[in-house]
Amino acid sequence: MVIMKKTRPTTDEYFMEIATIVAKRSTCLRNMVGSVIVRDNRILTTGYNGAPRGLAHCSDIGCMRIEQSIPSGMRHEKCRAVHAEQNAIIQAALHGIETSGATLYCTHQPCILCTKMIINAGIKRVVFLQSYPDPDSMDFFKEAGIVVEKFDFPKTEENEEKNEK
């Protein structure tokens, strides 16, 4: 009998891959962001960026940030969408799921608004794929003692596209 050794993804690869799939549900015209909150290697909740429940999505009516030429990382209050990290935390609250001590996997570095929610949600580790132009968030994470790691998928042809998004 021949046994083929299969390469199994690491835990971080596995959950980051799921975050990239969650991002495909995004209705944002600028950044498709996905987030997964995990504790004890179990998914607690997921979130993607999109309009609040019952409101029209930017993918249907357009983006006010694009229309007003607002640069990425600026004027977050002018965004119609609830961010992926916010949606994941909100889903936990809606369903009575404790996030204390969890890890948040996200396709993009959290902005300062999401960072403050992550801190207050008791999340202890953040793993992100793509940097975001908001250096204040990294300062807040450091001050709060939260472990933050930039993630890169292992170098393969298949993963090159994921690392660049």
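Structure's up top.
The structure presented is a predicted model; accordingly, all values stated were derived computationally and were not measured. (Residues numbered from 1 in each chain as written. Predicted model: local features only at pLDDT ≥ 70, side-chain atom pairs only at ≥ 80, totals over all residues. Heavy atoms only, no water.)

Some words on the overall build of the protein
Formally: Runs of E in the DSSP output that reach at least two residues are strands. Runs of H or I that reach at least four are helices, and both are numbered from the N terminus. Working definition: with a 1.4 Å probe on protein chains only, accessible area under 20% of the residue-type maximum means buried, over 50% means exposed, and in between means partly exposed. Two residues form a contact once any of their heavy atoms are found within 4.5 Å. For every accessible area listed, the method is Shrake-Rupley and the probe measures 1.4 Å; residues are considered covered only by the protein chains on display. Positive charge is attributed to Lys and Arg, negative charge to Asp and Glu, and no charge count is given to His or to the chain ends. The location of each charge is read from NZ of Lys, CZ of Arg, CG of Asp or CD of Glu.
A tally of regular secondary structure across the protein gives 7 helices and 5 strands. Beginning at the N terminus, the succession of helices and strands in the protein can be written as α-β-β-α-α-α-β-α-β-α-β-α. Scored against the burial criterion, the 165 residues of the protein give a buried share of 44%. Of all intrachain contacts in the protein linking residues separated by at least 6 positions in sequence, the fraction that spans at least 24 positions is 56%. Split by element, the accessible area of the protein, about 9,800 Å² in all, is 53% carbon and sulfur. Within the protein, the 20 negative side-chain charges are centred at a point lying 4 Å from the centre of the 21 positive side-chain charges.

Some thoughts on the packing of aromatic side chains
What counts, and what does not: Between the rings of Phe, Tyr and Trp (Trp by its six-membered ring), a pair exists once the centres lie within 6.5 Å; its type follows the angle of the planes, with under 30 degrees stacked, over 60 edge-to-face, and the other angles tilted.
Considering all chains together, one arrives at 3 aromatic pairs under this definition. Aromatic pair Phe 15 and Tyr 105: ring centres 5.5 Å apart, planes at 35 degrees, arrangement tilted. Separated by 90 residues along the polypeptide, Phe 15 in helix α1 (residues 11-23) and Tyr 105 in strand β3 (residues 103-108) bring together distant segments of the chain. With relative accessibility at 2%, the residue Phe 15 sits in the buried group. On the accessibility criterion, Tyr 105 (2% relative accessible area) is buried. In this structure an aromatic cluster arises from ring pairing among Tyr 14, Phe 15 and Tyr 105.

Considering the nonpolar core
How we decide: Grouping buried Ala, Val, Leu, Ile, Met, Phe, Trp, Tyr and Cys residues that are joined through side-chain atoms within 4.5 Å yields what is termed a nonpolar core.
Counting residues in hydrophobic clusters, the biggest one holds 15 residues, and the most contacted among them are Ile 37, Ile 89, Leu 104, Ile 118, Ile 123 and Val 126. The set of elements that each furnish at least two residues to this core consists of α4 (84-94) and β3. Ranked by the residues each element gives to this core, the list is headed by α4, at 3 residues. Look past the residues within four positions of Ile 89 in its chain and what remains in contact with it is Ile 37, Met 117, Ile 118, Ala 121 and Ile 123.

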